[in-house]
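Architecture at a glance
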Amino acid sequence: MASETLTASGYIHHHLTNLTFGHLAGGHWAFANSAEQAKEMGFWAFNVDMLGWSLFLALFFFFLFRSVAKRATSGVPGGLQNFIEWLVEFVDSSVRGSFSGKNDLIAPLALTVFVWVFLMNFMDLLPVDWLPMTAEQFGKHALGMDPLHVFFRVVPSADPNITFGLALGVFWLMLYYSVKIKGIGGFLAELAFQPFGKFGLPFNLILEGISLISKPISLSLRLFGNMYAGETIFILIALMYSAGWLLGSFGGLLQIGWAIFHILIILLQAFIFMTLTIVYLDMAHQHH
Amino acid sequence: MNINATLFGQSIAFFVFVWLVMKYIWPPLIAALDERKKTIADGLAAAERGKHQQVLAEQHAAEELHAAKGRAAEIIARAEKRAAEIIDEAKHAAHAEGDRVKAAANAELEQEVNRAREQLRAQVVSLAVVGAGKVLKREIDTKAHDDLLKDLVAQL
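Now for a description of the structure that goes with this document. (Residues numbered from 1 in each chain as written. Chains lettered and ligands numbered in written order. Predicted model: local features only at pLDDT ≥ 70, side-chain atom pairs only at ≥ 80, totals over all residues. Heavy atoms only, no water.)

Tallying secondary structure elements over chain B gives 2 helices and 0 strands in all. Against the 2.2 N^0.38 benchmark of 15 Å for 156 residues, chain B shows a C-alpha radius of gyration of 60 Å, more extended than a compact globule. Viewed in the frame of its principal axes, chain B has a C-alpha envelope of about 195 × 25 × 15 Å. Within chain B, the fraction of its 156 residues that count as buried is 14%. Within the structure as shown, chain B displays about 12,200 Å² of accessible surface, and the carbon and sulfur contribution to it stands at 62%. Mean positive and mean negative side-chain charge positions of chain B (22 and 23 charges, respectively) differ by 4 Å. (Helix = DSSP H or I, 4+ residues; strand = E, 2+ residues; numbered from the N terminus. Rg over C-alpha atoms; globule rule 2.2 N^0.38 Å. Buried < 20%, exposed > 50% of the residue type's maximum accessible area, 1.4 Å probe, protein only. Areas by Shrake-Rupley, 256 points an atom, 1.4 Å probe, with all protein chains shown as cover. Lys, Arg positive; Asp, Glu negative; His and termini not counted. Charge placed at Lys NZ, Arg CZ, Asp CG, Glu CD.)

Here it is as structure tokens:
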């Protein structure tokens, strides 16, 4: 809900600004008070809200699965164990279907990516004001901050840093396994001598180089774009709540509808991210 | 919406969590799944084996029953034969015993007849002697004519 002192564009802007911790112009490390200040911090700054939620969800995922894995038996599984085993089998069969090599890292990697990305996407389904307003109240009363300067985004996958961080991890693994399996020479030869043979070398390098670089970029931007768009639409719908009861209740209906549709998107994007990760790593394992 | 060091933080977290999952989550879950798969496969195989064994046991039981029936029939046949034999033997024994008793009786009878004849003969001799004595009175010396008389007796 937009507070009275906020304009619509201010509300949206506030919702889309991260809580950034970095090096201020004054020479000390602090949280940025505005989007402009965050921009001035340059590269060496951290979106604390995004990293925090990302780590929190990863830890939630880890301890939930760990609690099941610790007492996993081959006997009749309970409800939670059943669900997690179903997930594991689903990921395992996806990996078996798309990954032709033999590498014990791929399946756990795919499980991590799938569940983690899904959980990060899932934050989008929480009503957009719940956690930011809680943070604002906390900042106002506990820390004595101006609530307008308390920024708190909750959907990590709607931040390009987070999705690009994941894609970068995948990219490093692609390079590592390419070099490990084919040797540094084999990997470079793949870049230089395909698809037009050795006489088309510069052209080959450009083509293959772009196709290599485009993989992590498309992987991260696809997820980011979908989630950012989803979040923005939720914010736009939330604007209606401050425009009278008629528009407000219409907004409620819209929010329910979009949330239901969004369930499909968050699952699909998590699945796509996992599948592409497996496929890219499979390509890194294959000789061309 | 700036690109900043958050992405390095996320990359590091990514590797850490992939490693954690690979080390602490994936192996026990997959082990449990594989073990259950094996248990189920073993159970199904055991059920199949049990079914097979049941068929075999039923076959075996039928064979045993058949054999037992055969043996029982054989035993009955042998028993009947033996009974017939025993009856036959008893008949023979009875016949033999009867013959023996008859023979003994005949022998005794003959003995009695002989004895009676002997007695009769002796009595006839003495009667003849008495008669002749009476006829001849003194002229006849019993001792002198005894041999003659004995010859006569023997001729009787």
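Let's shift gears to the interface of chain B and chain A. Across the boundary between the two partners, chain B contributes 31 residues, which contact 59 residues of chain A. Seen at the junction of chain B and chain A, the total is 1 salt bridge. Two residues, Glu85 of chain A and Arg36 of chain B, come together in a salt bridge whose shortest N-O distance is 2.8 Å. Taken together, the connections running from chain B to chain A amount to 14 residue pairs in polar contact (both at pLDDT 80 or more). (Contact = heavy atoms within 4.5 Å. Salt bridge = Lys/Arg side-chain N within 4 Å of Asp/Glu carboxyl O. Polar contact = N/O pair within 3.5 Å; in protein donor to acceptor, adjacent residues only side chain to side chain.)

Residues and elements named next belong to chain B. Evaluated as defined, the whole model comprises 11 salt bridges over all chains. In this structure, Lys38 and Asp42 form a salt bridge, with 3.2 Å as the shortest nitrogen-oxygen distance. Residue Lys38 and its partner Asp42 are located together in helix α1 (residues 6-136), separated by 4 residues, close to a single helical turn. Looking at Lys38, the relative accessible area reads 53%, which means it is exposed. Overall, the relative accessible area of 42% leaves Asp42 in the partly exposed class. Measuring nitrogen to oxygen at the nearest pair gives 3.2 Å for the salt bridge that ties Glu74 to Arg78. Of this pair, Glu74 and Arg78 both sit in helix α1, 4 residues apart, which is roughly one turn of the helix. The exposed category is assigned to Arg78, whose relative accessible area is 53%.

A word on empty space enclosed by the protein. All names here are of chain A. Considering all chains together, one arrives at 1 cavity of 30 Å³ or more under this definition. In this structure, the largest cavity encloses a volume near 70 Å³. Forming the walls of the largest cavity are His15, Met123, Asp124, Leu126, Val128, Pro132, Phe152, Arg153, Val154, Val155, Glu231 and Ile235. (1 Å grid on protein atoms, 1.4 Å probe; cavity = no way out; pocket = protein on both sides within 12 Å on 5 of 7 lines; lining within 4 Å. Points joined across faces, edges and corners; volume = space filled by probe spheres on them.)

Attention shifts here to the packing of helix α3 (residues 48-70) of chain A against helix α4 (residues 79-98) of chain A. Two quantities define a packed helix pair, namely the angle between the axes and the distance from one axis to the other. Residues and elements named next belong to chain A. Between α3 and α4, the least distance of the axes is 10 Å, while the angle of their chain directions is 105°. With respect to α4, the element α3 is oriented roughly perpendicular. Residues Leu64, Phe65 and Val68 of α3 pack against Leu80, Gln81, Ile84 and Leu87 of α4. Residues of the contact of α3 with α4, tallied by class, amount to 6 nonpolar, 1 polar and no charged. (Axes fitted to C-alpha atoms, helices over the stretch in contact; angles between N-to-C directions. Parallel < 35°, antiparallel > 145°, perpendicular 65-115°, else oblique. Nonpolar A, V, L, I, M, F, W, Y, C, P; charged D, E, K, R; others polar.)

Bringing the packing of helix α1 (residues 8-15) of chain A against helix α8 (residues 201-239) of chain A into the picture now. Residues and elements named next belong to chain A. Look at α1 against α8: their axes get within 10 Å of each other, and the N-to-C directions meet at 145°. By crossing handedness, the relation of α1 to α8 is classed as right-handed. Facing α1, whose interface residues are Ala8, Tyr11, Ile12 and His15, α8 presents Glu231, Ile235, Leu236, Ala238 and Leu239. Class assignment for the residues of the contact of α1 with α8 results in 7 nonpolar, 1 polar and 1 charged. (Left-handed = near helix turned anticlockwise from the far one by under 90°.)

Attention now moves to the sheet that holds strand β3 (residues 45-47) of chain A. All names here are of chain A. Strand order in the open sheet formed by 3 strands is β2-β1-β3, with antiparallel pairing between adjacent strands. The open sheet is flanked by β2 (29-31) and β3, the only strands paired with a single partner. Averaged over neighbouring strand pairs, the angle between their axes works out to 15° when direction is ignored. In this structure, strand β1 (residues 20-23) lies alongside β3, joined through 3 bridges in antiparallel fashion. Considered in β3, the bridge of Gly22 is made with Ala45. (Pairing = 2+ DSSP bridges.)

When its volume is computed, the largest pocket comes out at roughly 340 Å³. Around the largest pocket, the lining is made up of 14 residues, and of these Asp92, Arg96, Asn103, Asp104 and Ala107 of chain A lie nearest the centre. The set of elements that each furnish at least two residues to the lining of the largest pocket consists of α4 and α5 (106-122) of chain A together with α1 of chain B. Grouping the amino acids of the lining of the largest pocket by side-chain chemistry returns 8 nonpolar, 2 polar and 4 charged.

Membership of the largest hydrophobic core comes to 82 residues, with the highest contact counts inside it found for Phe65, Leu111 and Trp116 of chain A together with Phe14 and Leu29 of chain B. Those residues within four positions of Leu29 of chain B in sequence are excluded, and the remaining contacts are Phe65, Val68, Ala69, Ala72, Ile84 and Val88 of chain A. The next biggest cluster of nonpolar side chains, apart from the first, holds 6 residues, and it includes Ala30, Ala38, Met41 and Ala45 of chain A. (Core = buried A, V, L, I, M, F, W, Y, C linked by side-chain atoms within 4.5 Å.)

Tracing the backbone through its elements, the reader meets Thr112 of chain A in helix α5. Not counting the four nearest positions on each side in its chain, Thr112 of chain A is found in contact with Phe61 and Val117 of chain A together with Phe17, Val18 and Val21 of chain B.

Everything listed here is a matter of geometry and, on its own, says nothing about what the molecule does.
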